[in-house]
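Listed here are the chains, written in short residue letters.
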Amino acid sequence: MAGLGEMMFRTLATFVAGVLLAGPALAAEYHEAPALAALVAQGKLPPVAQRLPQAPEVVQPVQSIGHYGGVLRTAVRGDSDHNAILKMVGNMGLTRWSMDYSKPIANLAESWATNEDASEYTFKLRAGLKWSDGVPFGADDVLFFVNDLLPNKQFFQSPPSQYVINGQPMRAEKIDDSTVKISFAGSYLRFPWVLATPLGQHPVLYAKHYCQQFTPMYNPDLPKLLTEAHQPDWPTLFRQKCGDIEIPARWSNPDKPVMDPWVISTPYTGGGTQVVVRRNPYFWQVDPAGNQLPYIDSVNMKVIGDIQTMLLAAIGGQFDLLVRHINTINNKPVLAQHAAEGGYSLVTLSPTDSSAMALWFNETELDPKLRPLMRNHDFREALSLAIDRDEINDIVFLGQSKPWQVGPLPGDKFYNEKLGTQYTQYDPDTANQMLDKLGLAKRDGDGMRLLPDGSKLFLSIDAMTADTAAIDVAELVKKQWAKVGVNIGINTMERSLYYERAQNNAYDIGTYAVPSGLNATSDPRALIAIQTLDSRQSLPWVKWYSTGGKAGEEPSDSMKQRMKLWDQWKQASSEQQADQLFSQICALAADAFEVVGTVQGVTTFGIRSNKLMNVPTSMPNGWDYPNPAPTLPQQYYFAN
Amino acid sequence: MSGVMLAGPAALQSASEARLMWLRFCRHRLAMFGMVVVLLMYLIAIFAEFVAPCAPDKSNARLVFHPPQAIHLLDRADDGWHLRPYVYAVRLARDPVTLAPTYVADNRKVYLRLFAHGDAYRMWTLFPASLHLLAPENPRDSVFLLGGDRQGRDMLSRIIYGARASLSIGLLGVANSLLLGIVFGGLSGFLGGRVDWLIQRVIEFIISLPTIPIWLALAAALPKNWSPFATYFTITLIISLIGWTELARVVRGRFLALRSESFVTAAWLDGCGRGRIIFRHMLPSLTSHIIASVTLAIPVMILAETALSFLGVGLRPPAISWGALLQEAQNVQSIASAPWLLLPGAAVAITVMALNFLGDGLRDAADPHGQ
Amino acid sequence: MARFITRRLLGMIPFIFLVSITVFLLIKLTPGDFVSNYAASLAASGETVDDAMLASMRARYGLDQPLLIQYWDWISGVARGDFGYSFEWQQPVVSLIGERIGLTLVLSLSTLFFTWAIALPIGVYSAVRRYSIGDYIFTFLGFVGLAVPGFLIGLVLMFVGVSVFHTDVGGLFSPTYTNAPWSIARVGDLLKHLWVPMIILGVSGAASLIRIMRANLLDQLNQPYVDTARAKGLSELTLLVRYPIRVALNPFVSTLGFILPQLVSGSVIISIVLNLPTAGPLLLQALLGQDQYLAGAFLLLLCAMTVIGTLLSDILLALLDPRIRFQ
């Protein structure tokens, strides 16, 4: 009697358990694009429920549930514009940015947990994820990168710094098929933030089952493959086939499996005229109604060499979405005036830049006569007071911005009023007085100041030919400074020469925008001299920092202090500690006043076709936030 | 053909070849017109500071993309009509949504005057002055006869200053090309043999190097601390060093053909030295072709300078030349809303046409067989 | 004749060798190298760049080797037929150029044909009917075409096309035909798009040819032999074609040799503005980015075309003008 009851109970329990477990899979009904449904009917694809992970991410559409179909037309510029493709379709990392760029949220990793001092991260990947060719995605793929490629000296001569703490690269440990533990040799509070940026995509970029054939560790026949492909070594072949974050080859192999919403169909090659990506049948996100994303069938990116041509195509209504290249403020009139005819609306691109254009005074100026002046706080202060920022705003930025120095924008938690607004008023009289007091009181026949030894005071500003805003600003600054007797020349040059001169420390003043007005800690190059190409307050100082003092030039005390605080910040074990350190950095930078800003980052505008839905009317514009990808183009759709 | 007119025993009139050329030239009305225009252009370029209504780099945030203003000559005042040129002032009203600059009438007349004092300048960077050919009576006013650019600078003044750079580039480069082309082409064609072979190989070598990479490479290699004008002269020389080859090759072709002409043989038999044969006898036969090529070469140089600016290696802002000005107009915004920014193209066109008419006239006048 | 041709062909080899050295030096003359260029272009778009990767890239591409070794690697490869890999596109150079060279030749040859087809008759007409209305009109049009920079016309034409006629911007094919296989319809589509760049490129060249033709022909028309021929009773047309025109063609044939490479190189700017899938923009990009194997192969190709062209033009010259002797 008891046995039968027990058996019945167990059967019932099993049955109930079965229903409960199978519940999510049975209860949720998934839908797919008609083209894919046709393939399923022909038996060429498994049914959608099997293609999706067990618990696909449900994405809330910006406006409404969409329907399938359509080709999104956009453009890439002819040379080296592979990042345009990345910013449209290639944003898959363990984490991704929230749409408002405030924090990283779950992406391929469903959740993560850290230990006490944030030196170990346990990522729980979504169960059942698959690559675009149907093979499961899991911890093995992450380990492939972290344990096989990252420490390999042939693959990376020195591992990318975002994965290195205390001189040690990260290590990964497989807990199970969808759980990975990544450990560092010290605290790394910012790791999830870094993973949301493009340069943090490495751990999920390489499909082990496909890419391992290009490595000596997994493929004994590799030498034969190398000779067949005419490649000198395996890292070159590997990168040619499996790409890297920002190289064109990432988009040139249609056979490479990806986790992106669309897969390369027409690759990005030197001779090509367009790049086409097609729907990924194994994409792992759905909308609240169970429709497998993306809605749009394919994205067609026309390769256009000249930006003016691109602009013409845009105003002719030949693109459905374009938020890159044409988004300079002085294009707004022509974009706005043709909007009705072209059938598009403007998308507001809110600036993430701190300053739209700044003058970076070279603290390690080579010319011995100018050097003491360039390093003098009062000299920079006087010149800053002699800049008429309202005029610059009106002419160059169409009056759309505000005077500003550098540093986090108002509204950011690190906003420092002194850093952002000191010496932004236009006061040529005080400027004249200060310059007189600096020993520059003598002037020549034209009214231009002379150095204490009697020679002419002459500074040169470097600008890139392609950067019309910088040139305009420089020309206005030249006239404004002439009124206080400071004579400058403007050197316009082509981009590579601009960077070459910087590397040789052969400039007086550099012109460049200052990034990180929002999320200030992601790129504090204007506050701390750590960016090898663009910390133009002194590149020798950057070299000193990156070689641990072995090369370059020793920075000023204030800068050394900031570098030390920055190192501490990287290792901070709590959010509070980190914030406090960074605020100190901002305060020190405000006192030192090395970079002279002009106006705040400017809101610019892109276009979107009136038929394209679910596009936010405003999105942040930047690189660490690689718009439009974080606004989830996979949920855009075409209205009828 | 020296025109010795056999008149009576009274007066024996003779005219030199040059005077004959001049007389023939004068009959060609289009060429005269061309000459006048060219001379005018060069005068304007020389006296740019005086002719321009204001300074070319005077920017004004309140006057960006200012439309051209028409001059009205008759001014109606309370006491009747006066001959007093003026323009109507306008004010910037920026559309708040599209940010497009629009101009509305300001109900004000800006009076102009000949020989008025305006912006100060240094004539040829030497003599300070402030007299302008035509300027507003009130020096604080601005006048935009050909419109304003994206920084609110006067296009007419900029075009006038640009003439200086563009026209001189043409002269210098062409003079250099001409010299090299005639010398090497002549030597090659006349002497033949090894000299010809060597010079031909050198020419081929230079010609096969495509122009754009050379320009890019050489322009990039120029030291950056040179003044804009040193850079510009060097670029001119670089262009001309490539350009002489075409003329040389053609000259050689003609020389080869002429070598067997009878008058050359006659001169040779007469005992003329090689130099004399080349310069005194063969060269004049080439004159017409040389003239045609030269007058076509000057605008080619001007256009080459424009192309270089487009690529970003020629004269760049803040230097002013027609090429640099056209480069600034090379965008959709300008074409759509400020088409007057393309006027330097008209200046180039007018200069080119005038030079060609002039060249035509000279060629016709120099032709010994012509009517 | 045959001996002349073989001697010239043999002379071409050291010549191309010399050209290759110059080409290589020119490419290397621009400051930096491919890696620094690449880093600069990324940084200029506001994108951060990993300098460890830059260093390893440099080592991988052999850019840290001395110049001589880099040159030798390249030229020995070329001699074997291996033109190397493009750094930027990670593709064999041969396939990159091959993709584009076809359309480039089509564009250049059709422009050449257009230029000559227009310039010669007009030049003849201008000379024969000197100072007539027709002469003035053609002169004027010719100058306009000559005087206004091609790329400016290009942009203006495109703007008019887009805003008034709603045409598709740039390219040599409509979107439907871009990747389609060749067919009569595709050729028709190509011709439909070809006439704009052909005219822009051709008009300025035509103008100068018209002037030169006119000048040369006028020279000849005033020669005594023309009067003689007329006196002998030849019709104007016959006399024109048989004598003065042949002589006046002399300088054209001289320059025939390098018209093709000039066209390819001169069409760079227009190709960029009009967004044409020809070789010019690819070359420009390779030069600016110091993609040395791609740029080097391209330049060598252009030089080879010139050399062959010069040889052809010399032969033509000899055939055309029997007064010229070469020994």
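Scoring rules and cut-offs
- Residue numbers run consecutively from 1 along every chain, following the written order of its sequence.
- Note on labels: chains are lettered from A, ligands numbered from 1, in written order.
- Whole-chain, interface and lining totals are the exception, using all residues; otherwise, since this is a predicted model, local features are given only for residues with pLDDT of at least 70 and side-chain atom pairs are given and counted only at 80 or more.
- Note: side-chain values were computed over all heavy atoms of the structure, leaving out hydrogens and water.
- By definition, any uninterrupted DSSP run of H or I lasting at least four residues is a helix, any uninterrupted run of E lasting at least two residues is a strand, and each is numbered from the N terminus.
- Only protein chains enter the accessibility calculation, which uses a 1.4 Å probe; a residue whose area is less than 20% of its type maximum is buried, one above 50% is exposed, and one in between is partly exposed.
- By the convention used here, residues are in contact when the closest approach between their heavy atoms is within 4.5 Å.
- Here the Shrake-Rupley method, with its probe set to 1.4 Å, supplies the accessible areas, and only the displayed protein chains count as covering residues.
- Our working definition of a disulfide is a cysteine sulfur pair at a distance within 2.5 Å.
- What counts as buried area is the accessible surface, traced by a 1.4 Å probe, that two parts surrender upon association, with contributions from both included.
- Salt-bridge detection follows one rule: a side-chain nitrogen of Lys or Arg within 4 Å of a carboxyl oxygen of Asp or Glu.
- We define a polar contact as two N or O atoms separated by no more than 3.5 Å, with the added condition that, inside protein, one atom must be a possible hydrogen donor and the other a possible acceptor, whereas residues neighbouring each other in sequence contribute only through side-chain atom pairs.
- Note on residue classes: Ala, Val, Leu, Ile, Met, Phe, Trp, Tyr, Cys and Pro are nonpolar, Asp, Glu, Lys and Arg are charged, and everything else, Gly too, is polar.
- Two strands qualify as a pair provided that DSSP identifies no fewer than 2 bridges between them.
- Patches in this entry comprise residues that are over 30% relatively accessible and not in a salt bridge; like charges within 9 Å are linked, as are nonpolar side chains (Val, Leu, Ile, Met, Phe, Trp, Tyr) within 5 Å.
- Lines fitted to C-alpha atoms define the axes, with helix axes restricted to the stretch in contact, and inter-axis angles between N-to-C directions lie between 0 and 180 degrees.
- Within 6.5 Å between ring centres, the rings of Phe, Tyr and Trp (the latter by its six-membered ring) count as paired, and their orientation is classed by plane angle as stacked under 30 degrees, edge-to-face over 60, tilted in between.
- Two conditions define a charge located above a ring, namely a distance within 6 Å from the ring centre to NZ of Lys or CZ of Arg, and an angle within 35 degrees of the ring normal.

**Student:** Just give me the short version of the overall build of chain B, but keep the residues and values in it.
**Tutor:** Scanning chain B from terminus to terminus reveals twelve helices and four strands. Burial status across chain B gives 54% buried among its 371 residues. Taking the contacts inside chain B whose residues are at least 6 apart along the sequence as the reference set, 65% of them involve residues at least 24 apart. Surface accessibility of chain B: about 16900 Å² in total, with carbon and sulfur atoms responsible for 67%.

**Student:** Explain helix α9 (residues 234-242) of chain A to me, and be specific about the residues and the numbers.
**Tutor:** Most of α9(A) sits out of view: eight of its nine residues are buried. Gly243(A) occupies a position one or two residues after α9(A) and carries a positive phi of about 75 degrees.

**Student:** Explain the state of the cysteines to me, using residue names and the numbers behind them.
**Tutor:** All names here are of chain A. Here the structure, examined in full by the defined rule, presents one disulfide over all chains. Disulfide partner of Cys211: Cys242, at an S-S distance of 2.4 Å. Because the torsion about its S-S bond is -115 degrees, the bridge between Cys211 and Cys242 counts as left-handed. On the criterion of sequence distance, the pair formed by Cys211 in helix α7 (residues 208-211) and Cys242 in helix α9 is long-range, its members being 31 residues apart. The burial state of Cys211 is the same as that of Cys242; both residues are buried.

**Student:** An account of the interface of chain C and chain A is needed here, citing residue identities and associated values.
**Tutor:** Taken together, the 49 residues of chain C in the interface contact 62 residues of chain A. Buried surface at the junction of chain C and chain A, summed over both partners, amounts to about 4600 Å²; 54% is from carbon and sulfur atoms. Taken together, the links from chain C to chain A amount to zero salt bridges. Here chain C is connected to chain A by zero residue pairs in polar contact (both at pLDDT 80 or more). Taken together, the residues that form the side of chain C that touches chain A break down as 25 nonpolar, 16 polar and eight charged.

**Student:** Would you mind going over the sheet that holds strand β22 (residues 604-609) of chain A in detail, with residue names and values included?
**Tutor:** Residue and element names in this part refer to chain A. Within the open sheet, the four strands sit side by side as β15-β22-β16-β24. Their pairing is mixed. Since the sheet does not close on itself, it has two edges, and those belong to β15 (321-322) and β24 (618-621), each with one partner. Where strand β16 (residues 344-351) lies against β22, six bridges are found, and the strand directions are antiparallel. Counterpart to Leu346 in the pairing with β22 is Ile607.

**Student:** Please set out a nonpolar patch on the surface residue by residue, giving values where relevant.
**Tutor:** Residue and element names in this part refer to chain C. Nonpolar side chains collect at one region of the surface, where Tyr125, Ile133, Ile137, Phe138, Phe140, Leu141 and Val144 lie side by side and expose about 640 Å² of accessible area between them. Along the chain, the position of Phe138 falls in helix α6 (residues 133-147). The exposure class of Phe138 is partly exposed, given its relative accessible area of 31%.

**Student:** A description of the sheet that holds strand β1 (residues 72-77) of chain B should follow, citing residues and the corresponding values.
**Tutor:** All names here are of chain B. If you walk across this open sheet you meet the four strands as β1-β2-β3-β4, and the pairing is antiparallel. Looking at the sheet topology across the chains shown, the edges are occupied by β1 and β4 (127-136). Recorded for the sheet is a direction-independent mean angle of 60 degrees between the axes of neighbouring strands. With five bridges joining them, β1 and strand β2 (residues 80-94) adopt antiparallel strand pairing.

**Student:** Kindly report on the packing of aromatic side chains, identifying the contributing residues and their values.
**Tutor:** Residues and elements named next belong to chain A. Tallying each qualifying case throughout the model produces 42 aromatic pairs over all chains. With a centroid separation of 5.2 Å and an interplanar angle of 65 degrees, the aromatic rings of Trp131 and Phe137 are classed as edge-to-face. A centroid spacing of 4.6 Å and a plane angle of 5 degrees characterise the contact between Trp566 and Trp569, whose relative ring orientation is stacked. Of this pair, Trp566 and Trp569 both sit in helix α21 (residues 557-570), three residues apart, which is roughly one turn of the helix. The two residues Trp566 and Trp569 agree in class, both being buried. In this structure an aromatic cluster arises from ring pairing among Phe144, Phe145, Phe155, Phe156, Tyr163, Tyr206, Tyr218, Trp234 and Phe238. One cation-aromatic arrangement involves Lys332 over Phe605; the distance from NZ or CZ to the ring centre is 4.1 Å. Across from the ring centre of Tyr499, 5.0 Å away, lies the NZ or CZ of Arg536, which sits over that ring.

So far we have only geometry, and geometry alone does not tell us how the molecule works.
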